[in-house]
Amino acid sequence: MGCAALSATLATPAQAQLRITITDPTLSPMPFAVPTFVARNAAAADLSEDITRVISADLSNTGLFREISKDSHVARITSFDAPIQFSDWKAINTQALITGSVLVESDGRVVVQFRLFDVVSEQPLGEGLQFVGTQEAWRRMAHKVADAAYSRITGEGPYFDSRVVFVSEQGPKDARLKRLAVMDYDGANVQYLTSSDSIVLAPRFSPRGDKIIYTGYESGFPKVTLIDVATLQKQTVGGVDQNMSFAPRFSPDGGRVVYSAEVAGNTDLYVLDINSGATTRLTTAPSIETAPSFSPDGTRIVFESDRSGAPQLYIMPAGGGEGSRISFGDGRYGTPVWSPRNDYIAFTKQNAGRFHIGVMRTDGSEERLLTGAFLDEGPTWAPNGRVVMFTRETAGANGAPALYTVDITGRNLQRAATPAAASDPSWGPLLP
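Computed from a predicted structure; not experimentally measured.

## Re the overall build of the chain
Helices and strands together make up the secondary structure of the chain, namely three helices and 32 strands. Counting over 432 residues, the chain shows a buried share of 53%. When the accessible surface of the chain is summed, it comes to about 17900 Å², and 48% of that surface belongs to carbon and sulfur atoms.

## Some details on the sheet that holds strand 28 (residues 376-381)
Ordered in space as 28-29-30-31, the four strands form an open sheet in which the pairing is antiparallel. The outermost strands of the open sheet, each flanked by one partner alone, are strand 28 and strand 31 (414-415). In the sheet, strand 30 (residues 401-407) pairs with strand 31 via two bridges, with the strands oriented antiparallel. Counted as the bridge partner of Thr405 is Gln414 from strand 31.

## Re the nonpolar core
Core analysis: the largest hydrophobic core is formed by 50 residues, its most contacted members being Phe37, Ile55, Leu59, Phe65, Ile98 and Ile153. If you tally residues by element for this core, the top one is helix 3 (residues 138-154), at nine residues. Counting 13 residues, the second largest nonpolar core, distinct from the first, contains Val337, Tyr344, Val359 and Tyr404.

## Thoughts on the layout of surface pockets
Empty pockets left among the atoms are what a rolling probe the size of a water molecule brings to light. Considering only enclosed or pocket space, the largest pocket measures out at about 750 Å³ in volume. As for the largest pocket, its lining consists of 36 residues, of which Arg204, Thr335, Glu377, Gly378 and Asp424 are closest to the centre. Elements that contribute at least two residues to the lining of the largest pocket include exactly strand 12 (200-205), strand 16 (244-250), strand 20 (289-294), strand 24 (332-338), strand 25 (344-351), strand 28, strand 29 (387-393) and strand 32 (421-430). With six residues, the top contributor of residues to the lining of the largest pocket is strand 24. Tallied by class, residues from the lining of the largest pocket come to 17 nonpolar, nine polar and ten charged. What the second largest pocket holds in volume is close to 520 Å³.

## Topic: the sheet that holds strand 24
Strands sit in the order 24-25-26-27 across an open sheet of four strands; the sheet is antiparallel. Edge positions in the open sheet fall to strand 24 and strand 27 (368-369), since each of these has one partner strand only.

## Digging into the pairing of strand 32
Of all ten residues making up strand 32, seven are buried, and the element is well covered by its neighbours. In this sheet, strand 32 lies alongside strand 9 (residues 162-170) in antiparallel orientation, the contact comprising six bridges. The partner of Val165 across the bridge, within strand 32, is Ser426.

## Let's talk about helix 1 (residues 45-60)
Along its 16 residues, helix 1 runs 23 Å from first to last C-alpha, staying within 8% of the 22 Å computed at 1.5 Å per residue. Those residues of helix 1 that are buried lie in contact with strand 2 (30-33), strand 3 (38-39), strand 4 (65-67), strand 5 (96-104), strand 6 (110-118) and helix 3.

## What to know about the side chain of Asn384
Take Asn384: it is sitting in the loop between strand 28 and strand 29. For Asn384, a relative accessible area of 4% corresponds to the buried category. In this structure the side chain of Asn384 is engaged in a polar contact, spanning 3.1 Å, whose partner is the side chain of Tyr150. One polar contact links the side chain of Asn384 to the main-chain carbonyl oxygen of Gly157, over a distance of 3.0 Å.

## Focus on the pattern of salt bridges
If you walk through the whole model with that rule in mind, you get 25 salt bridges. Residue Glu289 pairs with Arg307 through a salt bridge whose shortest N-O separation is 3.2 Å. Linking Glu289 in strand 20 with Arg307 in the loop between strand 21 (300-305) and strand 22 (312-317), this pair joins segments that are 18 residues apart in sequence. Among the charged side chains, a salt-bridge network with shared partners connects Glu156, Arg341, Asp343 and Arg386.

## Brief notes about unusual backbone geometry
The phi torsion at Ala264 lies on the positive side, around 55°, for a residue other than glycine. With respect to the helices and strands, Ala264 occurs in the loop between strand 17 (256-263) and strand 18 (266-273). The exposure class of Ala264 is exposed, given its relative accessible area of 84%. Residue Asp424 is not a glycine yet carries a positive backbone phi of 50°. In this structure, Asp424 sits in strand 32.

## Some points on the environment of Val102
Among the secondary structure elements, Val102 is positioned in strand 5. Considering only alpha carbons, one finds Val102 and Phe114, twelve residues apart in sequence, at a separation of 9.0 Å. The residues touching Val102, leaving out its near neighbours within four places in the chain, are Phe37, Val38, Ala39, Arg40, Asn41, Ala44, Leu47, Ser48, Ile51, Val110, Val111 and Val112.

## A few points about the packing of aromatic side chains
Under the defined criterion, the tally for this structure stands at 13 aromatic pairs. Aromatic side chains Phe86 and Phe117 sit 6.0 Å apart centroid to centroid with 70° between the ring planes, which places their arrangement in the edge-to-face category. Separated by 31 residues along the polypeptide, Phe86 in helix 2 (residues 86-90) and Phe117 in strand 6 bring together distant segments of the chain. When sorted by exposure, Phe86 lands in the same class as Phe117, which is buried. Seen from their ring centres, Tyr159 and Trp427 are 5.8 Å apart, and the 80° between their planes marks the pair as edge-to-face. Placement of Tyr159 in the loop between helix 3 and strand 9 and of Trp427 in strand 32 is noted, with a sequence separation of 268 residues between them. Note on Trp427: relative accessible area 7%, which makes it buried.

The rules we used
- Residues numbered from 1 in each chain as written.
- Predicted model: local features only at pLDDT ≥ 70, side-chain atom pairs only at ≥ 80, totals over all residues.
- Heavy atoms only, no water.
- Helix = DSSP H or I, 4+ residues; strand = E, 2+ residues; numbered from the N terminus.
- Buried < 20%, exposed > 50% of the residue type's maximum accessible area, 1.4 Å probe, protein only.
- Areas by Shrake-Rupley, 256 points an atom, 1.4 Å probe, with all protein chains shown as cover.
- Pairing = 2+ DSSP bridges.
- Core = buried A, V, L, I, M, F, W, Y, C linked by side-chain atoms within 4.5 Å.
- 1 Å grid on protein atoms, 1.4 Å probe; cavity = no way out; pocket = protein on both sides within 12 Å on 5 of 7 lines; lining within 4 Å.
- Points joined across faces, edges and corners; volume = space filled by probe spheres on them.
- Nonpolar A, V, L, I, M, F, W, Y, C, P; charged D, E, K, R; others polar.
- Expected span 1.5 Å × (residues − 1).
- Contact = heavy atoms within 4.5 Å.
- Polar contact = N/O pair within 3.5 Å; in protein donor to acceptor, adjacent residues only side chain to side chain.
- Salt bridge = Lys/Arg side-chain N within 4 Å of Asp/Glu carboxyl O.
- Phe/Tyr/Trp six-rings, centres within 6.5 Å; stacked < 30°, edge-to-face > 60°.

Below you can see the structure in the form of structure tokens.
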């Protein structure tokens, strides 16, 4: 799956005017055109169609962009180096234009080139880029093109070239078989990491995306388990001699794991140093402390506790301590996760018989509910901190979980593609 960027200049010309502000509540999708990338040889014909299709889907599915149908195109791009006839694109109200080419070299490598234009100002938006990779990596190159276009227009970080780990579920509602699976962010390239012989819960990617920590029941009791994505080797970590350990999550540097463990009937938070194996207890309250998540700089932890009588959200120093409550609305709060941008905490909220995915500032202010349904839970952030994925389960005997995404304004709720019922997503980092 290798994919190398031979040119990665992202400088934006001062005269470019094209810009979307994601947090603008009055935002209308920007019309864009992406003519089928020019196939520079016969071997590239099918790939150029496929790559163009994925780029279009990436941008359209954000809800920020609206593709202009190819049937409406006045101009036809037949050469990557030909001058752009901007009047033809203005005639169909195009604002952003993406052009590109695909070449399959004699050794089988694929070369993808692209340019982005602001049609209104008739100027390029940033420098052209070129990506080179294997034919198996064509989707990654398409995601990289879309990421570059998205970032230049929005000013936000990219997120298309990333993966999600989740629990794939099959079978009846009262006897589901569960196994860990990894997929591209858009549901492609599904890979199964475990069998369905035992229950698996709450998988979480490491910061580098090479390992996954999860709650496994191989021993009959929940134990924090680490699995290597490449080799599929597993090991139990932390709480080996304790009754139950669960809800693990990596520190931002990947060197520690914070988790919950039940010891002598009390559930507290612990942190494990992966290299030394040393375990430190972080909380000592008689209440239940669980669902910990590090801040991006690793100095603080947000967690769920029922010490006030009902589950609420608290923040404490990463070394442990009392913690300060940050959630004060009606209902029960849980599964907090810190945004990679350090501006929000996403959470699950249960109130008045409905479940919601919400976000709040890290001091608890500006609480905003993004969704509401029979059962929404377990948010996870995209690498750029602007999109949240979560589990939504339908009611009834035939109800099943599925993965959904929504942006931080609550717009653009979409079901994510999975081959079967799915739950417990964790969005990994951008791929290297």
